Amino acid sequence: MESESTILALSALAQRTRLDTFRLLVRHEPDGLPAGEIARQLDVPQNTMSAHLGILSRAGLVKSERQSRSIIYRADLDRLRALTLFLVKDCCAGKPELCAPLVAELTPCC
């Protein structure tokens, strides 16, 4: 992960509705939610939610998939993992053992 993509992801999450949307999608992994249901649960107009989902999608934080007449959105947990690892990569003032449990938990096993 690079600085620019990290900035894009963090700026996408630096707005309440988008942060709430991403957290809602994380709670509904792996099934995801249709855009209309996300809007309903967060009490946001559907056209506004569409704009927020577009920003999250361009930041690589959500993925979408058409299922019949609905578009199902899912949080991209691999992207979240990469973002978190990027943020803590050089942590702990030269004492990586302090962050080792966090990094180990975030690093894919395979």
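The rules behind the values
- Residues numbered from 1 in each chain as written.
- Predicted model: local features only at pLDDT ≥ 70, side-chain atom pairs only at ≥ 80, totals over all residues.
- Heavy atoms only, no water.
- Helix = DSSP H or I, 4+ residues; strand = E, 2+ residues; numbered from the N terminus.
- Buried < 20%, exposed > 50% of the residue type's maximum accessible area, 1.4 Å probe, protein only.
- Contact = heavy atoms within 4.5 Å.
- Pairing = 2+ DSSP bridges.
- Expected span 1.5 Å × (residues − 1).
- Arc of directions from axis to C-beta.
- Polar contact = N/O pair within 3.5 Å; in protein donor to acceptor, adjacent residues only side chain to side chain.
- Core = buried A, V, L, I, M, F, W, Y, C linked by side-chain atoms within 4.5 Å.
- Axes fitted to C-alpha atoms, helices over the stretch in contact; angles between N-to-C directions.
- Salt bridge = Lys/Arg side-chain N within 4 Å of Asp/Glu carboxyl O.

An unreviewed UniProt entry lists the protein under the name ArsR/SmtB family transcription factor, from Alteraurantiacibacter palmitatis.

Engineer: Could you give an account of the overall build of the protein, with specific residues and numbers?
Structural biologist: Helices and strands together make up the secondary structure of the protein, namely six helices and three strands. The helix and strand sequence of the protein, counted from the amino end, reads α-α-β-α-α-β-β-α-α. Along the first, second and third principal axes, the C-alpha set of the protein runs to 50 × 25 × 20 Å. Burial analysis of the protein (110 residues in total) assigns 31% to the buried set. Intrachain contacts of the protein at a sequence separation of at least 6 include 54% that bridge at least 24 residues.

Engineer: How would you summarise the pairing of strand β3 (residues 70-75) if you had to cite specific residues and measurements?
Structural biologist: Sheet analysis places strand β1 (residues 33-34) next to β3, joined by two bridges and oriented antiparallel. Pairing of Pro-34 across the sheet is with Ile-72, part of β3. Where strand β2 (residues 62-67) lies against β3, six bridges are found, and the strand directions are antiparallel. Across the sheet, residue Val-62 finds its bridge partner in β3, namely Ala-75. Counting the residues that bridge the hairpin from β2 to β3 gives two residues, and of these Ser-68 lies at a positive phi of roughly 60°.

Engineer: Which residues make up helix α5 (residues 77-88), and what values do they have?
Structural biologist: Here α5 contains 12 residues, and its C-alpha end-to-end distance of 17 Å stays within 8% of the 16 Å for a straight helix at 1.5 Å per residue. All of the buried residues along α5 are Arg-79, Leu-83 and Val-88. Looking down the long axis of α5, one finds its buried residues gathered within 160° of arc, a one-sided arrangement. Sitting at the amino-terminal end of α5 is Asp-76, which places a side-chain oxygen 3.2 Å from the backbone nitrogen of Asp-78.

Engineer: Mind laying out the nonpolar core, listing which residues take part and the relevant values?
Structural biologist: Counting 19 residues, the largest nonpolar core has Leu-25, Ile-38 and Leu-61 as the members making the most contacts within it. Residue assignment for this core shows that the elements contributing at least two residues are α1 (3-13), α2 (16-27), α3 (35-42), α4 (46-58) and β3. The residues contacting Ile-38, other than those within four sequence positions of it, are Thr-21, Leu-24, Leu-25, Leu-33, Met-49, Leu-53 and Tyr-73.

Engineer: Tell me about the sheet that holds β2, and name the residues and values.
Structural biologist: Strand order in the open sheet formed by three strands is β1-β3-β2, and the pairing between neighbours is antiparallel. Each of the sheet's edge strands pairs with one partner strand only, and the pair in question is β1 and β2. The sheet contacts of α2 involve β1, β2 and β3, and relative to β3 the element is tilted by about 90°.

Engineer: Describe the pattern of salt bridges, and please don't skip the residues or the numbers.
Structural biologist: Applying the stated rule across the entire model yields four salt bridges. Of the charged contacts, one joins Glu-65 and Arg-74 as a salt bridge, the two residues approaching to 3.2 Å between their closest N and O atoms. When its relative accessible area of 39% is taken as the criterion, Glu-65 is described as partly exposed.

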